Amino acid sequence: MLQGKPLADTMRPDTLQDYFGQSRAVGQDTLLRSLLETNEIPSLILWGPPGCGKTTLAHIIANNSKKHSIRFVTLSATNAKTNDVRDVIKQAQNEKSFFKRKTVLFIDEIHRFNKSQQDTFLPHVECGTITLIGATTENPSFQVNAALLSRCRVIVLEKLPVEAMVTILMRAINSLGIHVLDSSRPTDPLSHSSNSSSEPAMFIEDKAVDTLAYLSDGDARAGLNGLQLAVLARLSSRKMFCKKSGQSYSPSRVLITENDVKEGLQRSHILYDRAGEEHYNCISALHKSMRGSDQNASLYWLARMLEGGEDPLYVARRLVRFASEDIGLADPSALTQAVAAYQGCHFIGMPECEVLLAQCVVYFARAPKSIEVYSAYNNVKACLRNHQGPLPPVPLHLRNAPTRLMKDLGYGKGYKYNPMYSEPVDQEYLPEELRGVDFFKQRRC
Ligand SMILES: Nc1ncnc2c1ncn2[C@@H]1O[C@H](COP(=O)(O)OP(=O)(O)OP(=O)(O)O)[C@@H](O)[C@H]1O
């Protein structure tokens, strides 16, 4: 079981009874649960962070609908083309008119479809040919077509709480036949009844389960992958032991410790707390490495974040900021690079977009740097913040005079329209009391 499919896939629940956490979305008294129980499936957008159970909820709905002979079709927006969507719709129309069968279409990562692709569904959702269930990690208000959004119920799923993670892990541990060792009652695992089969008896420390539940940061896939890798690593070191020692017998018991699961999690998911301090530490290290023109370190911190599951769009947004804050007018095309990288990441998502970010990060590390505009702008902000009393009025000659009254009040009077002059124009643009202030040279005004 452990060698083939990922544990997370084999453990995917088929019913709501095994779907843990998410009580706000599908708890006992929620509207969604009663709709599902009566098999009235509305069009839904499931929005939540990775591994919190979006696909699983869709899978449970699918399972339920099959019992009621509703067709359930799945597409992933990462590889489906508009034609695939059209085919599904055509088939759904036929099923509806010839067999009176409903079709539920599940689209994973729906935010990857562009607006016009999303438009394709709109009339068919509206007339009931298909019931749409879209899953997304991105805020649907920005990523899902407004017209489509207004026809769907948005279900917000949250990071799984630690208790739910423990339950999910325990379900997997039980199904693998692993025994949990209670640390409050220290016993030697070797004292457990002996195992005559060639398969070793497996044990896991209870604190290892808790640690795994905490460190997976509400992501059940990460937790289950971590568990799987820890078990596989332990089993393979047992085999190595036999080979090296030349013994024909191998230990009949295997103990999975807290360290094993930490390592397992690190390998499957690189220990990285996307919401906590590590997230800020890594982005700060990336920013400083690029500022210090260290391309090696810049790439390292980028990979640490992406391999740890950081949202590539978050990194891309930070790069857009860096382009102006640290490179500025020393290379104005840096901003174009950053915006292009952001859009590219949005189009193709992970893992394909990692190289776009890597290119941008190396470009930035190598680029000349200038904080001239950034500092000058900060000086202006400081000047405004420190100003005592009412702000100085806009000089009359700089004001527009769209009405006669304004003209009479002197608006626009004496303004020299620069294109009319062949020589430099002597004219003041700052308010009277700021005359002579140079934000590019001095901080105070
Ligand atoms: N609420 C839950 N209860 C029980 N198991 C869960 C739950 N959520 C997730 N899992 C387990 O974690 C695995 C991954 O979850 P799932 O694929 O549903 O996440 P997702 O939210 O769709 O993630 P992604 O956005 O990364 O695709 C599932 O196969 C299942 O084993």
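Residues numbered from 1 in each chain as written. Predicted model: local features only at pLDDT ≥ 70, side-chain atom pairs only at ≥ 80, totals over all residues. Heavy atoms only, no water.

**A word on empty space enclosed by the protein**
Consideration 1: In total, this model carries one cavity of 30 Å³ or more according to the counting rule given.
Consideration 2: Quantified by volume, the largest cavity comes out at close to 40 Å³.
Consideration 3: Around the largest cavity sit I283, L286, H287, M290, R318, L319 and F322, which together line it.
Consideration 4: Elements that contribute at least two residues to the lining of the largest cavity include exactly α13 (277-291) and α15 (312-327).
Consideration 5: Considering each element in turn, the lining of the largest cavity owes the most residues, four residues, to α13.
Consideration 6: Here the lining of the largest cavity is composed, by residue class, of five nonpolar, one polar and one charged. (1 Å grid on protein atoms, 1.4 Å probe; cavity = no way out; pocket = protein on both sides within 12 Å on 5 of 7 lines; lining within 4 Å. Points joined across faces, edges and corners; volume = space filled by probe spheres on them. Helix = DSSP H or I, 4+ residues; strand = E, 2+ residues; numbered from the N terminus. Nonpolar A, V, L, I, M, F, W, Y, C, P; charged D, E, K, R; others polar.)

**What about the sheet that holds strand β7 (residues 201-205)?**
Consideration 1: What the three strands build is an open sheet, ordered β6-β7-β8; its pairing is parallel. Both edges of this open sheet fall to β6 (178-181) and β8 (253-256), since each of them pairs with a single strand only. For this sheet, the mean angle separating the axes of adjacent strands, direction not counted, is 30°.
Consideration 2: Across the sheet, helix α10 (residues 206-215) touches β6, β7 and β8, and the angle it forms with β7 is around 60°. (Pairing = 2+ DSSP bridges. Axes fitted to C-alpha atoms, helices over the stretch in contact; angles between N-to-C directions. Contact = heavy atoms within 4.5 Å.)

**Things to note about the site of the ligand**
Consideration 1: Not every one of the 21 residues close to the ligand is listed here, only the nearest: A8, F20, K54, T55 and T56.
Consideration 2: At 2.7 Å from an oxygen atom of the ligand is found a side-chain nitrogen or oxygen belonging to K54.
Consideration 3: Secondary-structure elements contributing two or more residues to the shell around the ligand are α4 (54-67) and α11 (220-245).
Consideration 4: Across the shell around the ligand, the residue classes tally to twelve nonpolar, five polar and four charged. (Near = heavy atom within 4 Å. Polar contact = N/O pair within 3.5 Å; in protein donor to acceptor, adjacent residues only side chain to side chain.)

**Re the confidence of the model for the protein chain**
Consideration 1: The predicted model of the protein chain averages 87 in pLDDT, with 89% of residues at 70 or higher.
Consideration 2: For the protein chain, the element scoring lowest by mean pLDDT is helix α12 (residues 258-269), at 75; helix α17 (residues 354-366) scores highest, at 97.
Consideration 3: Reported confidence for the predicted complex is 0.97 by ipTM and 0.63 by pTM. (pLDDT = per-residue confidence, 0-100.)

**Description of the nonpolar core**
Consideration 1: In terms of nonpolar packing, the biggest core is built from 27 residues, with I178, I204, L224 and L227 touching the most fellow members.
Consideration 2: For this core, the secondary structure elements donating two or more residues are α1 (7-10), α9 (162-175), β7, α10, α11, β8 and α12.
Consideration 3: Looking at which element gives the most residues to this core, the answer is α9, with six residues.
Consideration 4: With residues near it in sequence (within four places) discarded, I178 still touches I173, M202, F203, I204, V231 and I256.
Consideration 5: Formed by 26 residues, the second largest nonpolar core is a distinct cluster that contains V315, F322, A323 and C353. (Core = buried A, V, L, I, M, F, W, Y, C linked by side-chain atoms within 4.5 Å. Buried < 20%, exposed > 50% of the residue type's maximum accessible area, 1.4 Å probe, protein only.)

**Some points on unusual backbone geometry**
Consideration 1: A positive phi angle, near 55°, is found at E109, a position not held by glycine.
Consideration 2: Relative to the helices and strands, E109 resides in the loop between β3 (103-108) and α6 (115-126).
Consideration 3: Here E109 falls in the partly exposed class, since its relative accessible area comes to 26%.
Consideration 4: One non-glycine residue with positive phi stands out, namely S293, at about 55°.
Consideration 5: Along the chain, S293 falls in the loop between α13 and α14 (295-307).
Consideration 6: Relative accessible area serves as the criterion here: at 40%, S293 is assigned to the partly exposed category.

**Some thoughts on the sheet that holds strand β4 (residues 130-136)**
Consideration 1: Taken together, five strands build an open sheet; the order of strands is β2-β3-β4-β1-β5 and the sheet is parallel. The sheet is open, and its two borders are formed by β2 (71-76) and β5 (153-156), each paired with just one other strand. Neighbour-to-neighbour, the strand axes of this sheet turn through a mean angle of 20°, independent of strand direction.

**Here's the deal with the pattern of salt bridges**
Consideration 1: Counted by the stated rule, this structure contains 16 salt bridges.
Consideration 2: E37 is the salt-bridge partner of R33, the closest N and O atoms lying 3.9 Å from each other. Within this pair, R33 and its partner E37 are both found in helix α3 (residues 31-37), separated by four residues, close to a single helical turn.
Consideration 3: Judged by its relative accessible area of 57%, E37 is exposed.
Consideration 4: The salt bridge partner of D438 is K441, with a shortest N-O separation of 3.7 Å.
Consideration 5: Each member of the salt-bridge network shares a partner with another, and the members are R291, R321, E325 and D326. (Salt bridge = Lys/Arg side-chain N within 4 Å of Asp/Glu carboxyl O.)

**Observations regarding the environment of D108**
Consideration 1: If you trace the backbone, D108 turns up in strand β3.
Consideration 2: Ignoring anything within four residues of it in the chain, the contact list for D108 reads T55, L75, S76, A77 and A135.

**Comments concerning the environment of K441**
Consideration 1: You can see K441 is positioned in the segment after α19 (404-408).
Consideration 2: Classification of K441 as exposed rests on a relative accessible area of 73%.
Consideration 3: For K441 and E372, which are 69 residues apart along the polypeptide, the C-alpha to C-alpha distance reads 9.4 Å.

**Structural notes on the pairing of β2**
Consideration 1: As paired elements, β2 and β3 share six bridges and run parallel to each other. Looking at β3, one finds that F72 is bridged to V104.

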